[in-house]
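Examination of the molecular architecture
Chain by chain, the residues run as shown.
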Amino acid sequence: CQEAVQSAAVCRGASDGSAAGAELGFRKGAQRIRSEEAQHDPALPPWFASYDPGAAKSILNNGRTCRVVFDDTFDRSVLRGGPIQGAYRLRQLHFHWGSSDDHGSEHVVDGVKYAAELHMVHWNPKHGNFAPALKQRDGVAIVGVFLKVGKTLKREMKRILEEMESIKTKGKETPFLHFDPSILFPKSRDYWTYEGSFTTPPCEECVTWILLREPIVVSPDQMAKLRSLSMNTENEPFHPLVDNWRPQQPLKGRVVRASFK
Ligand SMILES: Cc1cc(C)cc(S(N)(=O)=O)c1
Ligand SMILES: [Zn+2]
């Protein structure tokens, strides 16, 4: 799929795209995590998500991913604790996935690529709105959850995947109500965290990443459902929406902390 290949350009350098950032090693985009290099930080508290199911609004296909959108006009669905200060509002969640089960995640842990990666995007209301928060180092917190393909079905993914039929092509959006995305979390709350950027341009350095160690397991059929989306609009030639992930960047001196030993 052309667009996914073209958009596989990684985020490098300073946010203005200058080479300077690259020379300083401030690589952006998702990182390669080496668990033995992550520093266990016993001072890292647990994180908590308190989401209002009523905040869920719609689910859409924007040609690059499938996204669920939430009401973030007040502290209705928030993330607290972990490496962040205060309560960050849940704005949207989306996925990245591959054309086969052996790749698709944006982060890679000890060389392991997962079939997909869920991103739950939260922003810090102290900055007033989402857009200004993108210019702040403490603007955004993204919880990343790996998806692994196994024999068992992830029941909690069913609601989202049932909507794939109605958002098959780019530009389709449909109401998606009464959904608490915390049901997608794995059992363990263990996480890695680092200060980084979005994985796709514009790669603002505004993200505190909270990457969960334990993947959730989805079935082959469930992965196939995700891969059944199209990048094209309904009037354009068919382009499967797959491989909407970006290559990982070397950590280059960035410190990754672990909440666990
Ligand atoms: C460009 C961009 C925007 C948003 C809100 C989130 C991301 S990601 N994939 O880093 O979660 C990328
Ligand atoms: Zn993402």
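Residues numbered from 1 in each chain as written. Chains lettered and ligands numbered in written order. Predicted model: local features only at pLDDT ≥ 70, side-chain atom pairs only at ≥ 80, totals over all residues. Heavy atoms only, no water.

Some points on the packing of aromatic side chains
Heads up, the condition is: For this analysis, a ring pair means two rings from Phe, Tyr or Trp (six-membered ring only for Trp) whose centres lie within 6.5 Å, classed as stacked if their planes differ by under 30 degrees, edge-to-face if by over 60, and tilted for the remaining angles. The way it works is that DSSP assigns letters per residue, a run of H or I at least four long becomes a helix, a run of E at least two long becomes a strand, and they are numbered from the N terminus. Relative accessibility decides the category of a residue: with a 1.4 Å probe and only protein chains considered, values under 20% of the type maximum give buried, values over 50% give exposed, and everything between is partly exposed. Charge-over-ring placement is defined geometrically: NZ (Lys) or CZ (Arg) within 6 Å of the ring centre, and within 35 degrees of the ring normal.
Tallying each qualifying case throughout the model produces six aromatic pairs. Measuring from ring centre to ring centre gives 6.3 Å for tyrosine 51 and phenylalanine 185, while their planes differ by 45°; the resulting arrangement is tilted. Taken together, the residues tyrosine 51 in the loop between strand 3 (47-50) and strand 4 (56-61) and phenylalanine 185 in the loop between strand 11 (173-175) and strand 12 (191-196) connect sequence positions 134 residues apart. Phenylalanine 185 shares its class with tyrosine 51; the two are buried. Seen in terms of ring centroids, tyrosine 194 and tryptophan 209 are 6.5 Å apart; in terms of plane orientation they differ by 20°. Their pairing is stacked. Note that tyrosine 194 is positioned in strand 12 and tryptophan 209 in strand 13 (residues 207-212), a separation of 15 residues in sequence. Each member of the pair tyrosine 194 and tryptophan 209 is classed as buried. The structure contains a cluster of three or more aromatic residues connected by ring pairs, namely Trp47, Tyr51 and Phe185. The ring centre of phenylalanine 176 lies 4.3 Å from the NZ or CZ of arginine 159, which sits over that ring. Above the face of the phenylalanine 260 ring, arginine 213 is positioned so that its terminal group lies 3.8 Å from the ring centre.

So, the pairing of strand 9 (residues 116-123)
Defined as follows: Here, any two strands with at least 2 DSSP bridges between them count as paired.
Extensive coverage of strand 9 is indicated by the burial of eight of its eight residues. Side chains of strand 9 alternate between two faces, with Ala116, Leu118, Met120 and His122 and Glu117, His119, Val121 and Trp123 buried alike. Judged from the eight bridges that link them, strand 7 (residues 88-97) and strand 9 form a sheet pairing that is antiparallel. Bridge pairing links arginine 89 to tryptophan 123 in strand 9.

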